[in-house]
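Remarks on the overall topology
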Amino acid sequence: MGLTFRLYSYIWLVVLILYSFGWSDFSGQLDINLFFFILITVTISLIIGFHYRKINVKKLKSPYKFTTLITCLVCLCFIANFIYSRQVPLFNVLRGGSSYVDNPGIPGLYPIVLTFSLYWFFYLVYCLLSFGGRYFIDAGLIFLCIFSVFSRSMLLFCVLGAAIEWFLLHKKIRHKVLWMCLGIVAAIVVVYMFGVLGNIRQGYAWNDCSYIEYLGKFHNWPKWLSKQFMWGYLYIITPLANLNYNVLNAHHVMEVDRFIVCFIPEFISQRLVPELITTSVNQTLLIETYFNAQTTYVETYYSLGLLGCYINYFAFIILFFIYNKLFKKTMPHSVIPTTVLCIFFVLSFFYNVFFYMLPTMLIIYGLIHMLLFFILKIPKKNKTESNSFVKNRTL
C-alpha cells in the first residue's frame, strides 16, 4: 500500500523538475510558501511510502463468476451509448474531425459505464496476469470500447493501471536495472504517443505540432527533443502553473462551507449545493483559459488558503489508512483497489481527485469491491467456526 504515497512523491518531484526547466512562459517562479508545501508533502509521503512498503498480494486462484457476461454487458452499454449519440469519437477522428462531442451518450448511464469499464479492465488485466491468455479476448474487447471513446487520459490510465498491477504481482524482480531501463523507454514511448494522439485529436497530422506549440508559448524548446513531447510537458507543468498563479495573486477567501464541498463528489454536489462549487469560471484564476487543470489543491486553496492545502493533503492520509484497514481484511484480493488508489494519488498533480467523477468513482468501486469481499467472507468464516464448535461438542 505504501506504493501509493511513493508514486505521489515521484510524480510531484517530476513536476517540479520539469517546471524548473522553464521551456514555456507558463513556468514562472514558484511562490516560496507553495514550494515548501510541496517539499513537505513529498517528504511525508516518502516516509509513509517506505514505512508501509511491505505488501502481500497474490494472483487469483479462480476468476469471479460471470466475468464474460459482465464484459458483454459493458460492451453492449457502450454500443447503446454510441447509438444514442449517433457517433463514435474514434470514427470522427479517422474522418479527420475532432473526438470532442457535445452528446457523448445516455445521460446518467454513460459516465457510469465509462468509469466502470476502466475498473473492469483492471480486473481483466489481473486475470491475464493470473491465468495467462485465457481472458485476453475479454480484456481486448473492453480496451477496444475505451479506445473507441478516444480519450487519451483513459488510455493512459489503462497503461498505468496495467503497469502497477504487474509491479504488485512481481515483488521480487530479477535484473532490476534492465527492467528500470525498459520502464523508462516505455514511459518515453507513452508520452510521445500522447503527443501524437493529441495532434490527431485536434484534427492535425500526427507530426504537425504547430497547434500545441502556439498554445504552449514555448521559447527555448530543445532542438534535440521531438515536439510531440510538448503535449506531455504542458499537461504536467500547467496544473502547477495555475496553482502558483492563484497563490501569487493571493486569490482566496475564507469559506469553510465552500471548502467542505471540495471533498463532495461532483455528481452529488452539483445537485445539492451547486452555488458552493469552486470553478475556474467564477472563482479560481487560470494562466490561460484553455489550460484549466489546476492540481488537486487549487479549490481548497481558494477556500482556506494554504491551510486548506495542508488539510487536503491530510485527507489523502485518512483515505490511505481507510484503504489500508480494508486491505488487511481482504488480502490478497486487493490488487485492483490498490491500483485504483495509486492512480488516485498520481492524479493529484492534475485536478481535484476528490471532486471529479472518474477518480471518485474508481475509489468508490474499490471500496465496494473490498467491502463486498469482506462481507461475503464473514458467513463462511462463521460457518466454519460453527462446524468446528459442533465437532468439538460431539467429541
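Things to note about unusual backbone geometry
Even without glycine at this site, F66 takes up a positive phi of about 65°. Along the polypeptide, F66 turns up in the loop between α2 (32-51) and α3 (67-85). In the Ramachandran plot, K217 falls in the positive-phi region, its phi being about 50° despite a non-glycine side chain. Within the secondary structure, K217 sits in the loop between α9 (210-216) and α10 (229-248).

Details of helix α1 (residues 3-21)
The terminal C-alpha atoms of α1 lie 27 Å apart, and with 19 residues this matches the ideal 27 Å at 1.5 Å per residue to within 8%. Once α1 ends, the next one or two residues include G22, with phi positive near 65°.

Considerations on the pattern of salt bridges
Pairing of side chains with opposite charge becomes possible as their charged atoms draw close. Tallied over the full model, the rule gives 3 salt bridges. In this structure, K227 engages E213 in a salt bridge whose closest nitrogen and oxygen atoms are separated by 3.1 Å. Of this pair, K227 sits in the loop between α9 and α10 while E213 sits in helix α9, and the two are 14 residues apart along the sequence. A relative accessible area of 37% means that K227 is categorised as partly exposed. We note a salt bridge from E288 to K217, for which the minimum N-O separation is 2.7 Å. Highlighted residues: E288 in the loop between α12 (266-272) and α13 (298-304) and K217 in the loop between α9 and α10, separated in sequence by 71 residues.

Thoughts on the packing of aromatic side chains
Under the definition given, this model contains 49 aromatic pairs. Ring geometry for Y52 versus F321: centroids 5.7 Å apart, planes at 80°, classification edge-to-face. Remark: F321 occurs in helix α14 (residues 306-330) and Y52 occurs in the loop between α2 and α3; sequence separation between them is 269 residues. Using a relative accessible area of 26% as the deciding quantity, one classes Y52 as partly exposed. Among the residues examined, F321 registers a relative accessible area of 35% and is labelled partly exposed. Positioned over the ring face of F131 is R134, at 5.8 Å from the centre of the ring.

Considerations on the packing of α1 against α10
Packing of α1 against α10 brings their axes to within 9 Å, and their N-to-C directions diverge by 90°. By the angle class used here, α1 and α10 are roughly perpendicular. The segment α1 lies against α10, with W12, V15, L16, L18, Y19 and F21 engaging Y233, I236, I237, L240, A241 and N244. Broken down by class, the residue content of the contact of α1 with α10 amounts to 11 nonpolar, 1 polar and no charged.

Topic: the nonpolar core
A general trend in soluble globular proteins is that nonpolar side chains are found buried together. Judged by nonpolar contacts, the single largest core of 111 residues is most densely connected at W12, L118, L240 and Y297. In terms of residue count, helix α5 (residues 109-131) provides more of this core than any other element does, 13 residues in total.

Considering the environment of C72
Mapped onto the elements of the fold, C72 is located in helix α3. Here the alpha-carbon distance between C72 and D138, two residues 66 residues apart in the chain, equals 8.3 Å.

As for the confidence of the model for the protein chain
Here the protein chain averages 84 in pLDDT, while 89% of its residues score no lower than 70. Note that residues 378-395 has pLDDT below 50 and, in this model, 0 contacts with residues that lie over four places away or in other chains.

Some details on a nonpolar patch on the surface
On the surface, I32, F35, F36, L39, I40, I44 and Y310 cluster together into a nonpolar patch covering about 570 Å² of accessible area. The element that contributes the greatest number of residues to the nonpolar patch is α2, accounting for 6 residues. Among the structural elements, I32 can be located in helix α2.

As for the side chain of N242
Tracing the sequence through the fold places N242 in helix α10. When neighbours within four sequence positions are excluded, N242 is seen to be in contact with L285, L286, I287, F291, N292, A293 and Q294.

Side note on the state of the cysteines
Across all of its chains, the model carries 0 disulfides by this definition. C75 supplies the cysteine sulfur nearest to C77, a cysteine that is in no disulfide, at a spacing of 9.3 Å.

Examining the environment of K217
On the basis of relative accessible area, K217 is assigned to the partly exposed category, the value being 35%. In sequence terms K217 and S24 are 193 residues apart; their C-alpha atoms lie 5.6 Å from each other. Those residues within four positions of K217 in sequence are excluded, and the remaining contacts are S24, D25, F26, E288 and Y290.

Scoring rules and cut-offs
Residues numbered from 1 in each chain as written. Predicted model: local features only at pLDDT ≥ 70, side-chain atom pairs only at ≥ 80, totals over all residues. Heavy atoms only, no water. Helix = DSSP H or I, 4+ residues; strand = E, 2+ residues; numbered from the N terminus. Expected span 1.5 Å × (residues − 1). Salt bridge = Lys/Arg side-chain N within 4 Å of Asp/Glu carboxyl O. Buried < 20%, exposed > 50% of the residue type's maximum accessible area, 1.4 Å probe, protein only. Phe/Tyr/Trp six-rings, centres within 6.5 Å; stacked < 30°, edge-to-face > 60°. Lys NZ or Arg CZ within 6 Å of the ring centre and 35° of its normal. Axes fitted to C-alpha atoms, helices over the stretch in contact; angles between N-to-C directions. Parallel < 35°, antiparallel > 145°, perpendicular 65-115°, else oblique. Contact = heavy atoms within 4.5 Å. Nonpolar A, V, L, I, M, F, W, Y, C, P; charged D, E, K, R; others polar. Core = buried A, V, L, I, M, F, W, Y, C linked by side-chain atoms within 4.5 Å. pLDDT = per-residue confidence, 0-100. Patch = residues over 30% accessible without salt bridge, like charges linked within 9 Å, V, L, I, M, F, W, Y side chains within 5 Å. Areas by Shrake-Rupley, 256 points an atom, 1.4 Å probe, with all protein chains shown as cover. Disulfide = S-S within 2.5 Å.

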